[in-house]
Amino acid sequence: MSIYSPFSAKQLLPQEEKLEIAKHKSELFIGIPKETSYQERRICLTPDAVSSLVSHGHRVMVECGAGKNASFSDKDYSDAGAEVTHDTKKIFSCPIILKVEPPTLEEIEMMNIEAILISAIQLKTQKKEYFEAITKKKITSLAFEFIKDSDGSYPAVKSLSEIAGTASVLIAAELMINNNDGKGLLFGNITGVPPTEVVILGAGTVAEYAVRTALSLGANVKVFDNSITKLRRLQNTLNQRIFTSTIHDKALLKAIRRCDVAIGALRGKNRTPIVVTESMVDHMKRGAVIVDVSIDTGGCFETSEITTHENPTFIKSNVIHYCVPNIPSRYSKTASISISNIISPILIQIAEDGGIEAAIRCNKGLKNGIYFYHGILTNKPIADWFGLEHRDINLIVF
């Protein structure tokens, strides 16, 4: 009598046990060059983070003056155990390059073949030549914006959005004083004085922190967004009921006419949609303030024009406009600490896993941050945007 078995005779034989291969900790050598991009004042690692990395047996080389605009001196880094040098080429010859802004073509040229680059990518400001230069050098590139956390969120984007949201209200409060052509209003709720009226466009992270700050100062806040889900989530997160509405011209115009401050915090897929027209701005109060945080992606006010940290405002239709891209750079020390808190644990984990190759096998969120792997483009949206060939990283690293 034959007994049916789903296994072959070979499979029924005793098999060797397969054990997990032990991870070998690697030592990192990180170079932090001075930021050369216009208005960029942040740095990726604070002296405390450098001290932590050095205590784990890693080397960190910092270019002279790299932390100056974030209120960190060369001595702070030297005392933390970093090597401080004036030689820019020496910095870019390090195996791992850490930057806030993506490197220029000249900086990529100074990098070693098969180096590792960790920086932002600023996709909407990039050109095809940037990606071609990285391919030529066979660089493995990791973008802050693409790194995912265990909950599926993007920690770097979220953290900087929190700063931008909070800052937008503080900037508006500053612009409302008489010295800046403002109405001389105190941002808040003083006994016997009507509260400041604030309109916020958007219901994401920037909007949430703008709402929190405005409410804490006693302002009356109205939030507009076309996503009911986002509006509901915002109210549940705040744990209180505020005025919320989808974006209808009639309701928006009524709110815009009465407000003292309007904050643009909308995001679009490619460009931020313009929801406040020039005629709506014409109806705003004299001396009212517009802070367009969305200016990084085009702005959601028709009257918005890009300004700089040196000359941040202009007046149009008797309304003060603040349209500076990269608001977190204004608060460079806070933003640097925020970025450092995200990047330093990632670097330590990469070392613990045995290098970037092993780390992206173990960490899906980190793997999501890779957009070039040894010079091979692995990010489909980038490939589609610039008409480049790409390969799925999951078919290369598994």
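So, how was this worked out
- Residues numbered from 1 in each chain as written.
- Predicted model: local features only at pLDDT ≥ 70, side-chain atom pairs only at ≥ 80, totals over all residues.
- Heavy atoms only, no water.
- Helix = DSSP H or I, 4+ residues; strand = E, 2+ residues; numbered from the N terminus.
- Contact = heavy atoms within 4.5 Å.
- Lys, Arg positive; Asp, Glu negative; His and termini not counted.
- Charge placed at Lys NZ, Arg CZ, Asp CG, Glu CD.
- Pairing = 2+ DSSP bridges.
- Axes fitted to C-alpha atoms, helices over the stretch in contact; angles between N-to-C directions.
- Core = buried A, V, L, I, M, F, W, Y, C linked by side-chain atoms within 4.5 Å.
- Buried < 20%, exposed > 50% of the residue type's maximum accessible area, 1.4 Å probe, protein only.
- Parallel < 35°, antiparallel > 145°, perpendicular 65-115°, else oblique.
- Expected span 1.5 Å × (residues − 1).
- Arc of directions from axis to C-beta.
- Domains from an automatic or database assignment.
- Buried area = accessible area lost by both parts, 1.4 Å probe.
- Salt bridge = Lys/Arg side-chain N within 4 Å of Asp/Glu carboxyl O.
- Disulfide = S-S within 2.5 Å.

(A) Representation of the overall build of the protein within the structure. On a plain count of helices and strands, the protein comes out with 16 helices and 15 strands. The dimensions of the protein, computed from C-alpha atoms along their principal axes, are 90 × 75 × 40 Å. Considering only intrachain contacts with a sequence separation of at least 6, the fraction spanning at least 24 residues in the protein is 65%. The average position of the 45 basic charges and that of the 44 acidic charges among the side chains of the protein differ by 5 Å.

(B) Here's a closer look at the sheet that holds strand 1 (residues 29-32). Read across the sheet, 8 strands follow the order 3-2-1-4-5-6-14-15 without closing on themselves; strand pairing throughout is mixed. Each edge of the open sheet carries a strand with a single partner, namely strand 3 (83-85) and strand 15 (376-377). Judged from the 3 bridges that link them, strand 2 (residues 59-63) and strand 3 form a sheet pairing that is parallel. Within strand 3, the position partnered with valine 62 by the bridge is valine 84. In the packing of helix 6 (residues 128-137) onto the sheet, the strands contacted are strand 5 (116-119), strand 6 (140-143) and strand 14 (370-373), and the crossing angle to strand 14 comes to about 45°.

(C) Structural view of the nonpolar core. Counting residues in each nonpolar core, the largest one holds 44 residues, and the members touching the most others are Leu45, Leu98 and Leu347. Considering every element that reaches this core, the biggest residue donor is helix 12 (residues 332-353), with 8 residues. Those residues in contact with leucine 347, other than ones at most four positions away along the chain, are Leu28, Ile30, Leu45, Leu53, Leu98 and Ile118. If you look at the next biggest cluster of nonpolar residues, it comprises 33 residues, including Ile200, Ala203, Ala265 and Ile327.

(D) Spotlight on the packing of helix 2 (residues 47-55) against helix 12. Closest axis-to-axis distance for the helix 2/helix 12 pair is 10 Å, and the angle between their directions is 10°. Viewed along their axes, helix 2 and helix 12 adopt a mutual orientation that is roughly parallel. For the pair formed by helix 2 and helix 12, the contact residues are Ala49, Ser52 and Leu53 on the first element and Ser340, Ser344, Leu347 and Ile348 on the second.

(E) Spatial organisation of the sheet that holds strand 10 (residues 261-264). Taking strand neighbours across the sheet as the criterion, the 7 strands line up as 9-8-7-10-11-13-12 in an open arrangement whose pairing is mixed. This sheet does not close on itself; its edge strands, each paired only once, are strand 9 (243-245) and strand 12 (313-316). Direction aside, the axes of adjacent strands within the sheet are offset by 20° on average. Here strand 11 (residues 289-292) pairs with strand 13 (residues 319-322) via 3 bridges, running parallel.

(F) Region of interest: helix 8 (residues 205-216). End to end, helix 8 covers 17 Å across 12 residues, agreeing with the expected 16 Å (1.5 Å per residue, within 8%). Here the buried face of helix 8 lies against helix 7 (155-175), strand 7 (197-201), strand 8 (220-224), helix 9 (228-238) and strand 10. Just downstream of helix 8, glycine 218 is the residue with a positive phi angle, here 95°.

(G) Main features of unusual backbone geometry. Residues other than glycine seldom take positive phi values, yet glutamine 39 does so here, at roughly 70°. Counting through the fold element by element, glutamine 39 comes out in the loop between strand 1 and helix 2. One non-glycine residue, serine 71, lies in positive phi territory at about 65°. In this structure, serine 71 sits in the loop between strand 2 and helix 3 (74-79).

(H) The arrangement of helix 2 in detail. Within helix 2 the residues assigned to the buried category are Pro47, Ala49, Val50 and Leu53. Buried positions in helix 2, seen along its axis, are confined to an arc of 155° and lie on one side of it. Among the exposed residues of helix 2, those oriented more than 90 degrees off its buried face are Asp48 and Ser55. Packed against the buried residues of helix 2 are strand 1, strand 2, helix 3 and helix 12. Where helix 2 terminates, the next one or two residues include glycine 57, which has phi positive at roughly 95°.

(I) The arrangement of the domain arrangement of the protein in detail. Under the domain assignment used here, the protein contains domain 1 (23-146 + 331-395) and domain 2 (158-330). A straight line from the C-alpha centre of domain 1 to that of domain 2 covers 33 Å. Taken together, the contact between domain 1 and domain 2 spans 15 residues of the former and 19 residues of the latter. Taking both partners together, domain 1 and domain 2 bury about 1300 Å²; carbon and sulfur atoms supply 48% of that area. Between domain 1 and domain 2 we count 1 salt bridge in total. Ionic pairing is found between glutamate 310 and arginine 41, a salt bridge with its closest N-O pair at 3.7 Å.

(J) Looking closely at the state of the cysteines. Applying the stated criterion across every chain, the model contains 0 disulfides. Free cysteine: cysteine 64, not disulfide-bonded; nearest cysteine sulfur from cysteine 94 at 14 Å. Cysteine 64 sits in the buried class, given a relative accessible area of 14%.

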